[in-house]
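Coordinates in review
The residues making up each chain are set out below.
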Amino acid sequence: MNAPRLLVTVLTGASAALIAYSAFYVRGNTAGVMRYLRERGDVRDLEAGGAGAAAVRAAQENLSALALSIADPEFAARMIPVALLIGLLVGWLVWRSFGSREGQAARGDVQERMVLKVAYRRGGQFTAEELRRLSPLSDEQVGTVTRRMLEAGQLVRDGDTFRLVR
């Protein structure tokens, strides 16, 4: 098993679940969260500014009332399974995206891909001379790769011309 892939998958899934839970906790009211944070800063400034105990207590009570109006812990608790499901879904998507190259069939070697590239540009037919001219393959490499592709049934030879088998 690939440890970095597993680590990234778990971290991403857990992060997505926590983000979903926090969104449920505040019922998606991010503006309310920002308002709460501003108010909390104001209360701290009030405390640091040397305001009276009664004024600080009143500001803290207003802050508590604001927090209760924004947060809904009961709803968030009911939505924990949904948040976990979202985390699992995101984790699964990350797992799949990191493993997509492993699941693919072998892509053939570089020389065969060069031959295929030239062949597709030429409409499926090419000569050995065109392959030498249009690719970085040497004479020896052209002979080797075309012979291997002929044996594998990927190419058909018509005189001096090679044709892709479709």
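As a starting point, this report considers the structure included with it. Because the structure is predicted, anything quoted here is derived from the model rather than measured. (Residues numbered from 1 in each chain as written. Predicted model: local features only at pLDDT ≥ 70, side-chain atom pairs only at ≥ 80, totals over all residues. Heavy atoms only, no water.)

1. Remarks on the packing of aromatic side chains
For the structure shown, the criterion picks out three aromatic pairs. Ring centres of Tyr21 and Tyr25 lie 6.1 Å apart, and the angle between their planes is 40 degrees; on these two criteria the pair is classed as tilted. With Tyr21 and Tyr25 both in helix α1 (residues 3-25) and four residues apart, the pair spans about one turn of that helix. Tyr21 sits in the partly exposed class, given a relative accessible area of 30%. Ring centres 6.0 Å apart and planes at 85 degrees place the aromatic pair Phe24 and Phe75 in the edge-to-face group. Here Phe24, found in helix α1, pairs with Phe75, found in helix α4 (residues 73-78); they are 51 residues apart in sequence, far enough to count as distant. Judged by its relative accessible area of 23%, Phe75 falls in the partly exposed class. Here Arg5 stacks its cationic end above the ring of Trp95, 3.6 Å away from the centre of that ring. (Phe/Tyr/Trp six-rings, centres within 6.5 Å; stacked < 30°, edge-to-face > 60°. Helix = DSSP H or I, 4+ residues; strand = E, 2+ residues; numbered from the N terminus. Buried < 20%, exposed > 50% of the residue type's maximum accessible area, 1.4 Å probe, protein only. Lys NZ or Arg CZ within 6 Å of the ring centre and 35° of its normal.)

2. Focus on the pattern of salt bridges
Counting across every chain of the model gives seven salt bridges. When the shortest N-O distance is used, the salt bridge between Arg132 and Glu129 registers 3.8 Å. Highlighted residues: Arg132 and Glu129, both in helix α7 (residues 128-134), separated by three residues, approximately one helical turn. Overall, the relative accessible area of 29% leaves Arg132 in the partly exposed class. Each of Asp109, Glu112 and Arg148 takes part in salt bridges that share partners, so that together they form one network. (Salt bridge = Lys/Arg side-chain N within 4 Å of Asp/Glu carboxyl O.)

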